[in-house]
Amino acid sequence: MTQRGWFDVVGIDKGVFCMRFSSVGDVSNLVAWNPISRRKHVITDPIHGIADGSSFLFAFLYFPESVNYAVVSIYLELGDDPQCVFTLFDNSVGSWTPPLECPPFVRKLDPAYVNIDGTVYWVTWLHDNESDAPPYIISFSTLTTEFRQIPLPSDGLTTCHTILNRDGHLCITVNNHNVQAYNSVIWQAEVVHDEFVWTKLFEVGGNGPTFIPALMIENDVIRVLERHVEVNDVEGVEFTHIHLRRFYSEVGRRRSLLWVNYEGDVKLRTVHAFYEGFYPV
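A brief report on the enclosed structure follows. Since the model is a prediction, treat every value here as computed from it, not as a measurement.

**A word on the overall build of the protein chain**
Thinking step 1. Scanning the protein chain for helices and strands turns up 0 helices and 23 strands.
Thinking step 2. Counting across all 281 residues of the protein chain, residues that qualify as buried make up 40%.
Thinking step 3. Approximately 15700 Å² of the protein chain is accessible, and the part contributed by carbon and sulfur atoms is 51%.

Below is the structure:
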């Protein structure tokens, strides 16, 4: 990789990585990499030459039973009539599907996603002046290539959300916080007669800095505190502090897992659990 090169983590699923990269800064590709077998597969970037000035996102899914994987790409095609389109890569086929137009309700998706049994879930985000239009969840099935709009719990329509996977169940956290305290309510969805029904699992909160839920391990919640601090009297010098904490919901106990400092302004994208370890990205 040259000095103009870059890379970005698309996703990690069951220990397999997918990254988008460029060695020279202009031409980009994707690569699926298994760190255990050391095998990799380079995939053409479907949005190369299209995404200039456009918004886009990816999702990566790995199926260990069949050793297959898939990549979903959603992006905005600019032009006289801008439209949101999607394409799907299946390594068993070896190519991307032709771009297809997304339904109108597929808009402003948070890049964070979860994958449950071949279906990808995102939550929408809204600007402050759009509070009259509540957010919701979007699902995409890699089997049927169909999108679906899923309403959120009625108690959490106008606040911050984190989408989670709890042992194959779709969960959402409703996060409320201020300068003095924070509170997160975890809800779980069940499908009843083809409709999503939300059940409140538990709450977690406390005083002090805000910890945002990042993932769930059985009934426990892994929460993250991310702070960006400037060094006093030193112009241009700053560092990022990241703290991972586990909340044991059945006993109400908290335990710190990781404290780490990075020089500069570092953004935490996701946290992944693999075997007995946790890996921030």
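Here the narrative resumes, following the displayed structure.
**Focus: the side chain of serine 73**
Thinking step 1. Locating serine 73 in the fold gives a position in strand 6 (residues 68–77).
Thinking step 2. Residue classification places serine 73 among the buried residues on the basis of a relative accessible area of 0%.
Thinking step 3. When neighbours within four sequence positions are excluded, serine 73 is seen to be in contact with Pro46, Ile47, Leu57, Phe58, Val85, Phe86, Thr87 and Trp96.

**Structural notes on the sheet that holds strand 11 (residues 119–123)**
Thinking step 1. Spatial strand order, 10-11-12-13: 4 strands in an open sheet with antiparallel pairing. Bordering the open sheet on either side are strand 10 (114–116) and strand 13 (147–151), each of which pairs with just one other strand. Taking the axes of each pair of neighbouring strands and ignoring which way they run, one obtains an average angle of 25° across the sheet.
Thinking step 2. Across 5 bridges, strand 11 lies against strand 12 (residues 136–141) in antiparallel orientation. In the strand pairing of strand 12, valine 123 is matched with isoleucine 137.

**Concerning the nonpolar core**
Thinking step 1. Phe60, Val71, Val72, Ile74, Trp122 and Phe147 are the most contacted members of the largest nonpolar core, which has 34 residues in total.
Thinking step 2. Contributing elements (two or more residues each) for this core: strand 2 (16–22), strand 3 (29–34), strand 5 (56–63), strand 6, strand 7 (83–90), strand 11 and strand 12.
Thinking step 3. When near neighbours in sequence (up to four residues on either side) are disregarded, phenylalanine 60 contacts Val10, Gly11, Asp13, Val16, Phe17, Cys18, Ala32, Tyr69, Ala70, Val71 and Tyr113.
Thinking step 4. Counting residues in hydrophobic clusters, the runner-up holds 16 residues, among them Ile116, Val123, Ile163 and Ala189.

**Some words on the pairing of strand 11**
Along any regular strand, the residues point their side chains to alternate faces of the sheet.
Thinking step 1. The buried fraction of strand 11 is high, at 5 of 5 residues.
Thinking step 2. The two faces of strand 11 match: Thr119, Tyr121 and Val123 on one face and Val120 and Trp122 on the other face are all buried.
Thinking step 3. For strand 10 and strand 11, the ladder comprises 3 bridges, and the chain directions are antiparallel. Bridging across to strand 11, isoleucine 116 finds its partner in threonine 119.
Thinking step 4. A loop of 2 residues connects strand 10 with strand 11, the two strands running antiparallel in sequence, and aspartate 117 in this loop sits at a positive phi of about 55°.

**Focus: the pattern of salt bridges**
Thinking step 1. Tallied over the full model, the rule gives 5 salt bridges.
Thinking step 2. For aspartate 45, the salt bridge goes to arginine 20, with nearest N and O atoms at 2.6 Å. With aspartate 45 in the loop between strand 4 (39–44) and strand 5 and arginine 20 in strand 2, this pair connects stretches of sequence that are 25 residues apart.
Thinking step 3. The class of arginine 20 is buried, set by a relative accessible area of 13%.
Thinking step 4. Here lysine 200 makes a salt bridge to glutamate 203, at a shortest N to O gap of 2.7 Å.

**A look at the environment of alanine 189**
Thinking step 1. With respect to the helices and strands, the residue alanine 189 is situated in strand 16 (residues 181–192).
Thinking step 2. For the pair alanine 189 and isoleucine 150, spaced 39 residues apart in sequence, the C-alpha separation works out to 10.0 Å.
Thinking step 3. What alanine 189 contacts, discounting residues up to four positions off in sequence, is Leu170, Phe196, Val197 and Trp198.

Rules behind the numbers
- Residues numbered from 1 in each chain as written.
- Predicted model: local features only at pLDDT ≥ 70, side-chain atom pairs only at ≥ 80, totals over all residues.
- Heavy atoms only, no water.
- Helix = DSSP H or I, 4+ residues; strand = E, 2+ residues; numbered from the N terminus.
- Buried < 20%, exposed > 50% of the residue type's maximum accessible area, 1.4 Å probe, protein only.
- Areas by Shrake-Rupley, 256 points an atom, 1.4 Å probe, with all protein chains shown as cover.
- Contact = heavy atoms within 4.5 Å.
- Pairing = 2+ DSSP bridges.
- Axes fitted to C-alpha atoms, helices over the stretch in contact; angles between N-to-C directions.
- Core = buried A, V, L, I, M, F, W, Y, C linked by side-chain atoms within 4.5 Å.
- Salt bridge = Lys/Arg side-chain N within 4 Å of Asp/Glu carboxyl O.

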